[in-house]
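Spelled out, the chains give:
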Amino acid sequence: MNEEENNFNSINNNNNMNNNNNNNDNININSEQKNKKLSKILLMGKCGVGKTSMRSIIFANQAPKDTFVLGYTSEVAETRLKFMGNLIFNLLDCGGQEQFMKQYFETKRESIFSKVGVLIFVVEAVKTEKKLEKQDNIEDLTYFENCINALNEFSPDAKIFVLIHKMDLIKEQNKQKEIFEMKKKELESKSKNFEIKCFATSIWESSLYKAWTEIVASLTHNLSSIQESLKNYAIACNAEEVILFEKNTFLLTCSYSNKKIQDEQRFEKISHIIKKFKLSCMTMSSNFKSMIIQTRNFTTYLDKFTKSTYIMVIISDKSPNLELLKLNTKLCRKKFEEKLEYSLNN
Ligand code: GTP
Ligand code: MG
């Protein structure tokens, strides 16, 4: 691990970010924006549900425990995020205090809700048994309904994702499922002609990566042409599995496997683990570049690949020729670079 490797390029247009992103590498959006797609993402939900926490973890390399000290977000914290080198997301983290929510649905309605690509609505997974929690639930539903109405008016093509968050606070698995289904049903009943996709999430689990991988994929991908190339590469390297991760977030970009994957969250778990390792390296002022893990049954090779991705290769062979694997990877880098660029631009 040697190389300087930083960060998610982000720029805070609004100084009320109140977070402590440790790696803002400002980019000149005006010049870079040319030839790049810009998608507006709204992150909404009541105060304290965990919006800023999740975006800091996914996009700013923050550790979950560091979110304890986050203050509330005042009005809208707008961040421009560069993803896969070529795409820019305009992420609007909308502070959830009552006075701000009121502004979004009234005076700022048009500016907030127009040209939205994706709405991510976050609610807390509370048990709704106590009176106070019931009140919270009613507020969630009212805000959600207000968002739906505003999107109907200004961005009828927006995609909607709902994160039923802080699942870790509910200990029993059955209860988690029950609450998830109940919340989902309630929210769906308010979603009118929009289709919504719900996820159960927690900053402490890979579920957060699962949700964000799908959200980001809905804005970016048509990477089916890469899939075939990954398969060819896997065959050439005698690999069982090949996975591409976005360089800065470690969100899954695409993958190939020669056998059926049993664990639905396999890749998200890997994202979660590597990101944790990367953070540990960063706290020791060391920058993560590549790694090889060899066990009796398999070898895992992870390395920087294209400008915007890392590659992970899993080989069952007990003693693979690692030098050959590295050489193969190096040789096909340029081809993948071109293919990725083409896929993301079309
Ligand atoms: P506003 O900015 O006021 O709208 O709040 P917010 O939605 O941005 O909430 P924020 O991210 O500041 O999180 C509030 C608290 O929730 C912090 O102390 C986080 O550590 C905590 N939190 C966030 N996500 C989770 C989670 O998945 N589980 C648990 N247990 N706590 C969480
Ligand atoms: Mg916040």
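Since the model is a prediction, treat every value here as computed from it, not as a measurement.

A. Highlighting the pairing of strand E8 (residues 241-246). With respect to burial, E8 is a largely interior element, six of its six residues being buried. Side-chain alternation along E8 places Glu241, Ile243 and Phe245 on one buried face and Val242, Leu244 and Glu246 on a second face that is also buried. In this sheet, strand E9 (residues 252-257) lies alongside E8 in antiparallel orientation, the contact comprising five bridges. Bridged to valine 242 within E9 is tyrosine 256. Remark: five residues form the turn of the hairpin made by E8 and E9, two consecutive strands paired antiparallel; phenylalanine 250 in that turn has positive phi of roughly 60 degrees. Note that E8 and strand E12 (residues 309-315) share six bridges and pair antiparallel. Across the sheet, residue isoleucine 243 finds its bridge partner in E12, namely methionine 312.

B. Quick look at the coordination of the magnesium ion (ligand 2). Around the magnesium ion (ligand 2), the protein contributes the donor atoms Thr52 (OG1) and Thr73 (OG1), which lie 2.0 Å from the metal centre. You can see threonine 52 sitting in helix H2 (residues 51-59) and its partner threonine 73 sitting in the loop between H2 and strand E3 (76-83), a full 21 residues away along the chain. When its relative accessible area of 7% is taken as the criterion, threonine 52 is described as buried.

C. Quick peek at the site of ligand 1. The environment of ligand 1 is formed by 22 residues, the closest being Lys51, Ser53, Thr73, Gly96 and Asp168. A distance of 2.7 Å is found between an oxygen atom of ligand 1 and a backbone nitrogen or oxygen belonging to glycine 96. Side-chain polar atom of histidine 165 to a nitrogen atom of ligand 1: 2.9 Å apart, as the coordinates give it. In isolation ligand 1 exposes 660 Å². Once the protein is present, 89% of that is buried. Considering only residue class, the shell around ligand 1 consists of eight nonpolar, ten polar and four charged.

D. Structural view of the sheet that holds E12. With antiparallel pairing, five strands are arranged side by side in an open sheet as E9-E8-E12-E11-E10. A single partner strand is all that each edge strand has here, and the edge strands are E9 and strand E10 (291-294). Each strand of the sheet is rotated relative to its neighbour by a mean of 10 degrees, with strand direction disregarded. Across four bridges, E10 lies against strand E11 (residues 299-304) in antiparallel orientation. Residue pairing for E11: methionine 291 is matched across the bridge by leucine 302. Seen against the sheet, helix H9 (residues 266-283) touches E8, E9, E10, E11 and E12 and runs at an angle of roughly 55 degrees to E8.

E. Highlighting H2. Of all nine residues that make up H2, nine are buried, and the element is covered over most of its length. Along H2, the residues classified as buried are Lys51, Thr52, Ser53, Met54, Arg55, Ser56, Ile57, Ile58 and Phe59. Asparagine 61, located one to two residues past H2, shows a positive phi value of around 55 degrees.

F. Spotlight on the confidence of the model for the chain. Per-residue pLDDT for the chain averages 83, and the proportion of residues at 70 or more is 87%. The secondary structure element of the chain with the lowest average pLDDT is strand E1 (residues 10-12), at 41, and the one with the highest is strand E6 (residues 159-165), at 97. Contacts from residues 1-35, a stretch scored under 50 in pLDDT, to residues over four places away or in other chains number 99 contacts.

G. Inspection of the packing of H2 against helix H7 (residues 207-220) at higher detail. Here H2 crosses H7 at 80 degrees, and the two axes come no closer than 11 Å. The orientation of H2 with respect to H7, classified from their angle, is roughly perpendicular. Across the interface between the two elements, Met54, Ile57, Ile58 and Phe59 of H2 pack against Leu208, Tyr209, Trp212 and Val216 of H7. Partitioning the contact of H2 with H7 into residue classes produces eight nonpolar, no polar and no charged.

H. Representation of unusual backbone geometry in the model. You will see that lysine 115, though not glycine, has its phi angle at about 55 degrees, which is positive. Tracing the backbone through its elements, the reader meets lysine 115 in the loop between helix H4 (109-113) and strand E5 (118-124). With a relative accessible area of 75%, lysine 115 lands in the exposed category. Residue phenylalanine 250 is not a glycine yet carries a positive backbone phi of 60 degrees. Structurally, phenylalanine 250 is set in the loop between E8 and E9. A residue is classified by how much of its surface remains accessible, and phenylalanine 250, at 0% relative accessible area, is buried.

Rules and cut-offs
Residues numbered from 1 in each chain as written. Chains lettered and ligands numbered in written order. Predicted model: local features only at pLDDT ≥ 70, side-chain atom pairs only at ≥ 80, totals over all residues. Heavy atoms only, no water. Buried < 20%, exposed > 50% of the residue type's maximum accessible area, 1.4 Å probe, protein only. Helix = DSSP H or I, 4+ residues; strand = E, 2+ residues; numbered from the N terminus. Pairing = 2+ DSSP bridges. Donors = N, O, S within 2.8 Å, 3.2 Å for Na, K, Ca; no water. Near = heavy atom within 4 Å. Polar contact = N/O pair within 3.5 Å; in protein donor to acceptor, adjacent residues only side chain to side chain. Areas by Shrake-Rupley, 256 points an atom, 1.4 Å probe, with all protein chains shown as cover. Nonpolar A, V, L, I, M, F, W, Y, C, P; charged D, E, K, R; others polar. Axes fitted to C-alpha atoms, helices over the stretch in contact; angles between N-to-C directions. Contact = heavy atoms within 4.5 Å. pLDDT = per-residue confidence, 0-100. Parallel < 35°, antiparallel > 145°, perpendicular 65-115°, else oblique.

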